[in-house]
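A look at the structure
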Amino acid sequence: MRIRILGAAAGGGLPQWNCRCPNCLLARPGVSARSGAGSVSPRTQSSLAVSGDGASWFLLNVSPDIRQQFAAFPALYGAGDSPRGSAIAGCLLTDAEIDHTTGLLLLREGTAIPIYSTALVRDWLDRYYPILPILSSFVPRTWHALTLGQPTALDARLEVTAFPLDAHPPRFVTETPNDLAESVVGLIIRDQQSGGTMVYAPGVAKVTPALESAVAGADAIFLDGTFWTEDEMIRRGLSDRYAADMGHMPVSGESGSLAWFSGLGAAHKVYVHINNTNPMLDTSRAEYAEVTRKGVRIGEDGDEFEV
Ligand code: MLT
Ligand code: MN
Ligand code: ZN
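Keep in mind that this is a model prediction, so the values were computed, not measured. (Residues numbered from 1 in each chain as written. Chains lettered and ligands numbered in written order. Predicted model: local features only at pLDDT ≥ 70, side-chain atom pairs only at ≥ 80, totals over all residues. Heavy atoms only, no water.)

1. Section: the site of ligand 1
Note the cut-off: Here, proximity means that at least one heavy atom of the residue falls within 4 Å of the molecule or strand. For the purposes of these results, a polar contact is taken to be a pair of N or O atoms within 3.5 Å, where, inside protein, one atom must be able to donate a hydrogen and its partner to accept one; residues adjacent in sequence count only when each atom of the pair is a side-chain atom. Accessible surface is estimated by sampling points in the Shrake-Rupley manner with a 1.4 Å probe; for residues, cover comes only from the protein chains shown. Residues were grouped as follows: Ala, Val, Leu, Ile, Met, Phe, Trp, Tyr, Cys and Pro as nonpolar; Asp, Glu, Lys and Arg as charged; and all remaining residues, including Gly, as polar.
In the vicinity of ligand 1, the contacting residues are E97, D99, M246, H248 and H273. H248 places a polar side-chain atom, nitrogen or oxygen, 2.8 Å from an oxygen atom of ligand 1. Between an oxygen atom of ligand 1 and a side-chain N or O atom of H273, the distance comes to 3.1 Å. Contact with the protein chains removes 70% of the 260 Å² of surface that ligand 1 exposes when unbound. Along the lines of polarity and charge, the residues of the shell around ligand 1 split into 1 nonpolar, 2 polar and 2 charged.

2. Considerations on the environment of V204
Using the following cut-off: Strands are runs of DSSP state E lasting at least 2 residues, helices are runs of H or I lasting at least 4, and numbering of each runs from the N terminus. Here the term buried applies to any residue with accessible area under 20% of the maximum for its type, exposed to any over 50%, and partly exposed to those in between, with areas from a 1.4 Å probe on protein chains only.
Looking at the element boundaries, V204 is found in the loop between β10 (197–201) and α7 (209–215). Overall, the relative accessible area of 2% leaves V204 in the buried class. A C-alpha to C-alpha distance of 28 Å links V204 and L26, two positions 178 residues apart in sequence.

3. Quick word on the coordination of the zinc ion (ligand 3)
In an ideal octahedron of six donors the angles at the metal are 90 or 180 degrees, and in an ideal tetrahedron of four donors they are 109.5 degrees. What counts is decided by this rule: Sites may look incomplete, because water is not among the atoms used; the donor set itself consists of N, O and S atoms within 2.8 Å of the metal (3.2 Å for Na, K and Ca). By the criteria applied here, four donors are tetrahedral when all angles lie between 85 and 135 degrees, four are square planar and six octahedral when opposite donors are over 155 degrees apart and every other angle lies between 65 and 115, and any other arrangement is irregular.
Looking at the metal site, the zinc ion (ligand 3) is ligated by C19 (SG), C21 (SG), C24 (SG) and N276 (OD1), spaced 2.3 Å from it. Metal-centred angles of 102 to 115° between the 4 donor atoms at the zinc ion (ligand 3) mark the site as tetrahedral. One chain supplies every donor to the zinc ion (ligand 3), and in sequence these donors are spaced C-x1-C-x2-C-x251-N. Here C21, found in the loop between β1 (2–7) and α1 (22–27), pairs with N276, found in the loop between β12 (268–272) and α10 (286–293); they are 255 residues apart in sequence, far enough to count as distant. In this pair, the class of C21 matches that of N276, namely buried.

4. Focus: helix α6 (residues 131–138)
Rule in force here: The directions considered for the arc are those from the helix axis to the C-beta atoms. Note on contacts: a residue pair is in contact if any heavy atoms of the two residues lie within 4.5 Å.
Every buried residue of α6 is accounted for by I131, L132 and L135. Down the axis of α6, the smallest arc covering the buried residues is 90°, so these residues share one side. Packing partners of the buried residues in α6 comprise α4 (98–101), β5 (115–117) and α5 (119–127).

Without other data, these values stay purely geometric and don't point to any function.
Below you can see the structure in the form of C-alpha coordinates.
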(Lines give C-alpha, C1' and ligand atoms only; values in the text may rest on other atoms or scores of the structure.)
(Ligands and ions follow the chains in the order given, each with its own letter.)
Protein backbone atom coordinates (compact mmCIF):
# COMPACT_ATOMS: atom_id res chain seq x y z
CA MET A 1 0.00 0.00 0.00
CA ARG A 2 1.23 3.43 -0.89
CA ILE A 3 0.32 6.33 1.38
CA ARG A 4 0.75 9.95 0.37
CA ILE A 5 0.22 13.01 2.55
CA LEU A 6 -1.74 15.42 0.35
CA GLY A 7 -2.07 18.00 3.11
CA ALA A 8 -0.47 17.95 6.56
CA ALA A 9 -2.00 21.14 8.00
CA ALA A 10 -5.15 21.47 10.09
CA GLY A 11 -8.07 23.69 9.10
CA GLY A 12 -6.91 27.02 7.67
CA GLY A 13 -3.72 25.57 6.20
CA LEU A 14 -0.27 27.17 6.48
CA PRO A 15 -0.21 30.09 5.94
CA GLN A 16 -3.83 30.75 6.92
CA TRP A 17 -5.34 33.72 5.05
CA ASN A 18 -6.01 35.88 8.13
CA CYS A 19 -3.32 34.67 10.52
CA ARG A 20 -0.26 36.67 11.56
CA CYS A 21 1.22 34.09 13.93
CA PRO A 22 5.00 33.58 13.52
CA ASN A 23 4.62 30.39 11.43
CA CYS A 24 2.05 31.90 9.08
CA LEU A 25 4.22 34.99 8.51
CA LEU A 26 7.26 32.80 7.78
CA ALA A 27 5.30 30.52 5.42
CA ARG A 28 3.90 33.31 3.23
CA PRO A 29 4.98 33.16 -0.41
CA GLY A 30 8.32 34.82 -0.97
CA VAL A 31 9.08 35.41 2.71
CA SER A 32 11.18 32.36 3.43
CA ALA A 33 13.06 32.79 0.16
CA ARG A 34 13.83 36.45 0.98
CA SER A 35 14.97 35.85 4.54
CA GLY A 36 16.87 32.74 3.52
CA ALA A 37 15.47 31.08 6.64
CA GLY A 38 13.00 28.69 5.03
CA SER A 39 12.27 27.23 8.42
CA VAL A 40 8.49 26.87 7.96
CA SER A 41 7.21 25.00 4.90
CA PRO A 42 3.72 25.85 3.64
CA ARG A 43 1.20 23.06 4.01
CA THR A 44 -2.27 22.46 2.60
CA GLN A 45 -5.26 21.23 4.58
CA SER A 46 -5.70 17.80 6.08
CA SER A 47 -5.94 14.85 3.68
CA LEU A 48 -4.15 11.61 2.81
CA ALA A 49 -4.34 9.36 -0.25
CA VAL A 50 -3.87 5.58 -0.14
CA SER A 51 -3.55 3.02 -2.92
CA GLY A 52 -3.02 -0.72 -3.11
CA ASP A 53 -2.05 -0.95 -6.78
CA GLY A 54 -0.64 2.58 -7.26
CA ALA A 55 -3.27 3.27 -9.94
CA SER A 56 -6.53 3.83 -8.07
CA TRP A 57 -6.48 5.99 -4.95
CA PHE A 58 -8.74 6.52 -1.95
CA LEU A 59 -8.85 9.96 -0.38
CA LEU A 60 -8.90 10.02 3.42
CA ASN A 61 -10.84 13.25 3.97
CA VAL A 62 -11.23 15.73 1.13
CA SER A 63 -9.86 19.17 1.88
CA PRO A 64 -10.75 22.55 0.37
CA ASP A 65 -7.23 22.45 -1.16
CA ILE A 66 -7.98 19.39 -3.29
CA ARG A 67 -7.31 21.13 -6.64
CA GLN A 68 -3.85 22.18 -5.46
CA GLN A 69 -3.30 18.67 -4.11
CA PHE A 70 -4.12 17.12 -7.51
CA ALA A 71 -1.66 19.48 -9.18
CA ALA A 72 1.05 18.51 -6.67
CA PHE A 73 0.38 14.79 -7.20
CA PRO A 74 -0.73 14.26 -10.82
CA ALA A 75 -1.25 10.49 -10.28
CA LEU A 76 -4.67 11.52 -8.90
CA TYR A 77 -5.79 12.63 -12.36
CA GLY A 78 -5.53 8.99 -13.48
CA ALA A 79 -5.15 7.50 -16.93
CA GLY A 80 -7.77 6.42 -19.46
CA ASP A 81 -9.50 7.37 -22.67
CA SER A 82 -12.96 8.32 -21.45
CA PRO A 83 -13.68 12.07 -21.53
CA ARG A 84 -14.24 12.23 -17.75
CA GLY A 85 -12.48 10.27 -15.01
CA SER A 86 -9.79 10.32 -12.36
CA ALA A 87 -7.78 7.92 -10.22
CA ILE A 88 -10.05 8.48 -7.22
CA ALA A 89 -11.92 5.29 -6.31
CA GLY A 90 -13.54 6.60 -3.14
CA CYS A 91 -13.59 9.31 -0.48
CA LEU A 92 -13.44 8.25 3.18
CA LEU A 93 -14.43 10.73 5.89
CA THR A 94 -13.37 10.68 9.54
CA ASP A 95 -15.84 13.38 10.61
CA ALA A 96 -18.09 16.11 9.19
CA GLU A 97 -15.68 19.04 9.78
CA ILE A 98 -15.37 21.71 7.11
CA ASP A 99 -11.64 21.12 6.52
CA HIS A 100 -12.25 17.39 5.97
CA THR A 101 -15.34 17.52 3.76
CA THR A 102 -15.47 20.76 1.77
CA GLY A 103 -13.31 19.33 -1.01
CA LEU A 104 -16.23 17.04 -1.89
CA LEU A 105 -18.04 20.11 -3.24
CA LEU A 106 -15.10 20.69 -5.55
CA LEU A 107 -15.45 17.15 -6.96
CA ARG A 108 -19.02 17.77 -8.11
CA GLU A 109 -18.48 17.62 -11.86
CA GLY A 110 -19.92 14.57 -13.52
CA THR A 111 -18.07 11.68 -11.83
CA ALA A 112 -19.87 9.88 -9.03
CA ILE A 113 -17.12 8.92 -6.60
CA PRO A 114 -18.39 6.71 -3.74
CA ILE A 115 -18.35 8.29 -0.28
CA TYR A 116 -17.65 6.35 2.93
CA SER A 117 -18.55 7.70 6.38
CA THR A 118 -20.37 6.76 9.55
CA ALA A 119 -24.16 7.10 9.48
CA LEU A 120 -23.98 10.02 11.93
CA VAL A 121 -21.53 11.97 9.75
CA ARG A 122 -23.73 11.28 6.76
CA ASP A 123 -26.76 12.61 8.63
CA TRP A 124 -24.92 15.85 9.49
CA LEU A 125 -23.75 16.21 5.88
CA ASP A 126 -27.41 15.89 4.86
CA ARG A 127 -28.95 18.28 7.36
CA TYR A 128 -26.38 20.73 8.81
CA TYR A 129 -23.79 21.12 6.06
CA PRO A 130 -25.78 19.69 3.15
CA ILE A 131 -22.90 18.63 0.94
CA LEU A 132 -24.46 15.27 0.08
CA PRO A 133 -27.81 16.57 -1.28
CA ILE A 134 -25.98 19.34 -3.14
CA LEU A 135 -23.60 16.83 -4.75
CA SER A 136 -26.41 14.46 -5.62
CA SER A 137 -28.19 17.22 -7.52
CA PHE A 138 -25.21 17.12 -9.92
CA VAL A 139 -24.68 13.32 -9.98
CA PRO A 140 -26.22 10.80 -7.55
CA ARG A 141 -23.58 9.47 -5.16
CA THR A 142 -23.18 6.02 -3.71
CA TRP A 143 -22.67 6.15 0.01
CA HIS A 144 -21.15 3.33 2.05
CA ALA A 145 -21.62 3.11 5.80
CA LEU A 146 -18.54 2.83 7.98
CA THR A 147 -19.75 0.75 10.92
CA LEU A 148 -17.51 0.92 13.97
CA GLY A 149 -15.30 -2.13 14.28
CA GLN A 150 -16.57 -3.74 11.11
CA PRO A 151 -14.14 -4.20 8.19
CA THR A 152 -15.36 -2.99 4.77
CA ALA A 153 -13.64 -3.96 1.52
CA LEU A 154 -12.55 -0.95 -0.56
CA ASP A 155 -11.18 -2.93 -3.51
CA ALA A 156 -9.43 -6.25 -4.18
CA ARG A 157 -6.56 -5.31 -1.84
CA LEU A 158 -7.61 -2.70 0.68
CA GLU A 159 -9.99 -3.03 3.60
CA VAL A 160 -11.01 -0.28 6.04
CA THR A 161 -12.21 -0.46 9.65
CA ALA A 162 -13.42 2.64 11.50
CA PHE A 163 -12.94 2.96 15.26
CA PRO A 164 -14.28 5.63 17.65
CA LEU A 165 -11.94 8.49 18.58
CA ASP A 166 -14.00 11.22 20.16
CA ALA A 167 -17.51 12.45 20.89
CA HIS A 168 -17.20 15.84 19.27
CA PRO A 169 -19.72 17.31 16.82
CA PRO A 170 -18.61 20.14 14.53
CA ARG A 171 -19.46 23.66 15.76
CA PHE A 172 -22.21 24.04 13.16
CA VAL A 173 -24.12 21.03 14.51
CA THR A 174 -26.57 22.38 17.07
CA GLU A 175 -27.99 19.07 18.33
CA THR A 176 -26.37 16.67 20.78
CA PRO A 177 -27.44 13.09 20.07
CA ASN A 178 -27.10 10.65 22.96
CA ASP A 179 -24.64 8.53 21.06
CA LEU A 180 -21.74 10.51 19.60
CA ALA A 181 -19.40 7.55 19.07
CA GLU A 182 -19.65 7.98 15.30
CA SER A 183 -18.88 11.72 15.31
CA VAL A 184 -15.08 11.45 15.03
CA VAL A 185 -13.51 8.18 13.97
CA GLY A 186 -10.10 6.86 13.06
CA LEU A 187 -9.46 4.54 10.11
CA ILE A 188 -7.43 1.34 9.99
CA ILE A 189 -6.56 0.37 6.43
CA ARG A 190 -5.15 -3.07 5.68
CA ASP A 191 -3.53 -4.21 2.47
CA GLN A 192 -4.45 -7.90 2.14
CA GLN A 193 -1.66 -8.45 -0.38
CA SER A 194 1.33 -6.86 1.36
CA GLY A 195 -0.05 -7.43 4.86
CA GLY A 196 0.69 -3.76 5.66
CA THR A 197 -1.56 -1.76 7.96
CA MET A 198 -1.91 1.98 8.41
CA VAL A 199 -3.89 3.98 10.96
CA TYR A 200 -5.21 7.48 10.33
CA ALA A 201 -6.33 9.41 13.41
CA PRO A 202 -6.47 13.18 12.81
CA GLY A 203 -8.88 13.99 15.67
CA VAL A 204 -7.62 12.54 18.95
CA ALA A 205 -8.97 13.97 22.21
CA LYS A 206 -7.24 11.37 24.37
CA VAL A 207 -5.55 8.01 24.12
CA THR A 208 -8.35 5.51 24.58
CA PRO A 209 -8.37 1.68 24.60
CA ALA A 210 -9.91 1.83 21.09
CA LEU A 211 -6.95 3.86 19.82
CA GLU A 212 -4.46 1.62 21.66
CA SER A 213 -5.89 -1.47 20.03
CA ALA A 214 -6.08 0.20 16.59
CA VAL A 215 -2.36 1.05 16.58
CA ALA A 216 -1.21 -2.32 17.93
CA GLY A 217 0.77 -3.92 15.11
CA ALA A 218 0.28 -1.02 12.66
CA ASP A 219 3.15 -0.28 10.27
CA ALA A 220 2.34 3.40 9.78
CA ILE A 221 0.42 5.75 12.08
CA PHE A 222 -0.76 9.23 11.14
CA LEU A 223 -1.72 11.02 14.34
CA ASP A 224 -3.38 14.28 15.36
CA GLY A 225 -0.60 16.86 15.76
CA THR A 226 -2.87 19.91 15.91
CA PHE A 227 -1.53 21.74 18.95
CA TRP A 228 1.71 21.81 20.91
CA THR A 229 0.07 23.01 24.13
CA GLU A 230 -3.42 23.08 25.58
CA ASP A 231 -3.67 26.90 25.62
CA GLU A 232 -1.83 27.66 22.38
CA MET A 233 -4.67 29.58 20.75
CA ILE A 234 -5.60 31.48 23.91
CA ARG A 235 -2.05 32.53 24.72
CA ARG A 236 -1.62 33.96 21.25
CA GLY A 237 -4.91 35.84 21.44
CA LEU A 238 -6.29 33.87 18.49
CA SER A 239 -9.23 32.13 20.17
CA ASP A 240 -10.88 31.63 23.53
CA ARG A 241 -10.89 27.85 23.19
CA TYR A 242 -8.55 25.27 24.67
CA ALA A 243 -7.23 22.35 22.63
CA ALA A 244 -9.56 20.06 24.62
CA ASP A 245 -12.57 22.21 23.63
CA MET A 246 -11.64 21.49 20.02
CA GLY A 247 -11.14 17.75 20.52
CA HIS A 248 -7.37 17.71 20.06
CA MET A 249 -4.93 16.52 22.74
CA PRO A 250 -1.70 18.54 22.67
CA VAL A 251 1.61 17.05 21.55
CA SER A 252 3.83 18.25 24.42
CA GLY A 253 3.92 17.57 28.14
CA GLU A 254 3.72 14.52 30.36
CA SER A 255 0.17 13.76 29.28
CA GLY A 256 0.69 14.93 25.70
CA SER A 257 0.55 12.63 22.68
CA LEU A 258 4.31 12.58 21.99
CA ALA A 259 5.10 10.77 25.25
CA TRP A 260 2.78 7.96 24.14
CA PHE A 261 3.37 8.07 20.36
CA SER A 262 7.16 7.95 20.55
CA GLY A 263 6.97 4.68 22.50
CA LEU A 264 5.02 2.80 19.81
CA GLY A 265 6.79 0.28 17.60
CA ALA A 266 5.43 1.29 14.17
CA ALA A 267 7.98 1.80 11.37
CA HIS A 268 6.39 5.15 10.44
CA LYS A 269 5.02 7.53 13.07
CA VAL A 270 3.86 10.80 11.59
CA TYR A 271 2.02 13.85 12.89
CA VAL A 272 -0.66 15.25 10.57
CA HIS A 273 -3.50 17.80 10.93
CA ILE A 274 -0.95 20.25 12.35
CA ASN A 275 -2.34 23.68 13.19
CA ASN A 276 -0.40 26.63 11.82
CA THR A 277 0.28 27.91 15.35
CA ASN A 278 2.16 24.75 16.38
CA PRO A 279 5.82 25.67 17.08
CA MET A 280 7.04 22.19 16.03
CA LEU A 281 6.42 23.25 12.39
CA ASP A 282 9.46 25.55 12.53
CA THR A 283 12.56 23.47 11.80
CA SER A 284 14.77 26.01 13.59
CA ARG A 285 13.00 25.51 16.93
CA ALA A 286 13.63 23.19 19.90
CA GLU A 287 10.11 21.75 19.59
CA TYR A 288 10.90 20.47 16.08
CA ALA A 289 14.15 18.94 17.31
CA GLU A 290 12.43 17.26 20.24
CA VAL A 291 9.79 15.52 18.11
CA THR A 292 12.17 14.34 15.43
CA ARG A 293 14.74 13.17 18.01
CA LYS A 294 12.02 10.96 19.47
CA GLY A 295 11.53 9.23 16.13
CA VAL A 296 8.32 10.95 15.08
CA ARG A 297 8.05 12.72 11.74
CA ILE A 298 6.33 16.10 11.45
CA GLY A 299 4.28 15.44 8.32
CA GLU A 300 4.79 17.50 5.19
CA ASP A 301 2.76 17.69 2.01
CA GLY A 302 4.14 15.17 -0.47
CA ASP A 303 5.51 12.71 2.12
CA GLU A 304 5.12 9.14 0.88
CA PHE A 305 5.19 5.81 2.69
CA GLU A 306 4.93 2.19 1.64
CA VAL A 307 3.67 -0.57 3.94
C1 MLT B 1 -10.96 20.77 14.06
O2 MLT B 1 -10.11 20.02 13.58
O3 MLT B 1 -11.03 20.94 15.29
C4 MLT B 1 -11.92 21.46 13.17
O5 MLT B 1 -11.59 21.26 11.83
C6 MLT B 1 -12.04 22.88 13.56
C7 MLT B 1 -12.63 23.79 12.52
O8 MLT B 1 -12.39 23.63 11.33
O9 MLT B 1 -13.31 24.75 12.91
MN1 MN C 1 -9.72 20.07 11.53
ZN1 ZN D 1 -1.09 31.08 11.95
